[in-house]
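Tertiary structure, described
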Amino acid sequence: MVNLDFVQNTISKELERLNEIIKEALVSNSSLMDLVTTSYLQSKGKQIRPMLVMLSAKVFSEITPTVLYAAASIEMLHNASLIHDDVVDESKLRRGNPTINNIWDNRIAVLVGDFFVSGALACGVKTGKMSIVKTMSALGSELALGEVEQIDNARKHIVSEQRYFEIISQKTASLFRSCMEVGGYAVDAPEGEMKGLLEYAQLLGICFQIKDDIFDYYDDKVIGKPTGNDLREGKITLPLLYALDSSSAADRDDMLALAQKEELTTEEIDRLIEFAKREGGIEYAYSKMEQLRNRAAEIIAGYPQNDAIRSLMDIFDYIIARKS
């Protein structure tokens, strides 16, 4: 498996400063808010998104304070969306740890998420670049609309691979594109030379969501959500979509009817998962990720090779190979 530590080590000092900026942006005069945010930041994940901001900038220039504020802005807006998603999904765990809504309650979680948004905006303003602030504004809209579309899709029980890719392009890939975009804006990268990196980011974001969706077909306490959680929420993801669309199995129509039910029992979820696996859904999802990776490699090969460019492909490989 690709080791992300190597990539992180190349920008370790910058990542340290990034986390200092985030902590500074989230200081308040509320002891409860400080308690919640400090606790939340102790489990900060891999920070792939702010790393992408930094690497995008590094392709063209150096990682300046403007780049770091842009990266902090992206990371805080991303975390705000996760906190709000946990409320919407009634999630109890994230990254194996109790969610804010689980520990305190939905009211506190929503307000903490809002506080992260305000911190993101403050850091965006500190970049002094209206292009970055505009990107953040557009991103917030895209994330919200993508989530609403996914909920609507689940309620209507739409079984369509095309619709699946449209939704994940909006709710996941848009964030990865914004990372590369603000990194380029922060160092005044030529717009024409940014085009390829934005396409790379789109492919990476789609790949990230496919891998996340594959996790739903397996039990893993590290991920922090039970098997079949997406199906429980009415979300039909790529492995099952493929099985329902391509299978000639005798029980295919029964499985389609099951996938479109209003509520599923644990036994019914297990049947759908087994069907998706049996009919090659997992292998199909991995083949899609490999196609995305190959296209990304073609794009990246067109740039002058340096540590930043090589790190971008390392991140892509890590996304496909990751275990959580």
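The structure this text deals with has already been given above.
All of the points below concern the structure found in this document. (Residues numbered from 1 in each chain as written. Predicted model: local features only at pLDDT ≥ 70, side-chain atom pairs only at ≥ 80, totals over all residues. Heavy atoms only, no water.)

A closer look at the packing of helix α9 (residues 161-186) against helix α10 (residues 191-215)
When two helices pack together, their arrangement is given by the angle between their axes and by how far apart the axes lie. The N-to-C vectors of α9 and α10 enclose an angle of 135°; their axes lie 7 Å apart at closest approach. As far as their axial angle goes, α10 and α9 are oblique. Considering the relative orientation of α9 and α10, their crossing is right-handed. Classifying every residue of the contact of α9 with α10 by side-chain character gives 15 nonpolar, six polar and five charged. (Axes fitted to C-alpha atoms, helices over the stretch in contact; angles between N-to-C directions. Helix = DSSP H or I, 4+ residues; strand = E, 2+ residues; numbered from the N terminus. Parallel < 35°, antiparallel > 145°, perpendicular 65-115°, else oblique. Left-handed = near helix turned anticlockwise from the far one by under 90°. Nonpolar A, V, L, I, M, F, W, Y, C, P; charged D, E, K, R; others polar.)

Quick word on the environment of Arg177
Mapping Arg177 onto the fold places it in helix α9. Separated by 94 residues in sequence, Arg177 and Ile83 place their C-alpha atoms 21 Å apart. Beyond its immediate chain neighbours, meaning those up to four positions away, Arg177 contacts Leu198, Glu199, Ala201 and Gln202. (Contact = heavy atoms within 4.5 Å.)

Comments concerning the state of the cysteines
Among covalent bonds in proteins, the disulfide is the one between the sulfur atoms of two cysteines. Tallied over the full model, the rule gives zero disulfides. Cys179 supplies the cysteine sulfur nearest to Cys123, a cysteine that is in no disulfide, at a spacing of 14 Å. (Disulfide = S-S within 2.5 Å.)

Considerations on the pattern of salt bridges
Scanning the model with the defined rule gives 19 salt bridges in all. A salt bridge links Arg94 to Asp86; its shortest N-O distance comes to 2.8 Å. Of the charged contacts in the structure, one is a salt bridge between Asp251 and Arg278, with a shortest N-O distance of 2.8 Å. Of this pair, Asp251 sits in the loop between α12 (238-246) and α13 (252-259) while Arg278 sits in helix α14 (residues 266-278), placing them 27 residues apart in sequence. Relative accessible area serves as the criterion here: at 21%, Asp251 is assigned to the partly exposed category. A network of salt bridges, in which partner residues are shared, links Asp251, Glu274, Arg278 and Glu279. (Salt bridge = Lys/Arg side-chain N within 4 Å of Asp/Glu carboxyl O. Buried < 20%, exposed > 50% of the residue type's maximum accessible area, 1.4 Å probe, protein only.)

Topic: helix α8 (residues 130-156)
Here α8 spans 39 Å end to end across 27 residues, near enough to the 39 Å set by a 1.5 Å rise per residue. Taken as a whole, α8 has its buried residues at Ile132, Thr135, Met136, Leu139, Leu143, Gly146, Glu147, Gln150, Asn153 and Ala154. Lining the buried residues of α8 we find α5 (65-89) and α9. Looking one or two residues past α8, His157 carries a phi angle of roughly 55°, positive in sign. (Expected span 1.5 Å × (residues − 1).)

A look at the packing of helix α2 (residues 12-25) against helix α4 (residues 48-60)
At their nearest, the axes of α2 and α4 sit 11 Å apart, and the two run at 125° to each other. On the basis of their axis angle, the class for α2 and α4 is oblique. Between α2 and α4 lies a crossing whose hand is right-handed. Between α2 and α4, the residues in contact are Glu14, Leu15 and Leu18 and Pro50, Met51 and Met54, respectively. Its residues assigned to classes, the contact of α2 with α4 shows five nonpolar, no polar and one charged.

Quick notes on the nonpolar core
Counting residues in hydrophobic clusters, the biggest one holds 104 residues, and the most contacted among them are Leu52, Tyr200, Ile210, Leu240, Leu312, Ile315 and Phe316. The biggest single contributor to this core is α5, with 13 residues. The contact partners of Leu312, leaving out residues within four places of it in the chain, are Leu52, Leu55, Val59, Met180, Leu197, Tyr200 and Ile300. (Core = buried A, V, L, I, M, F, W, Y, C linked by side-chain atoms within 4.5 Å.)

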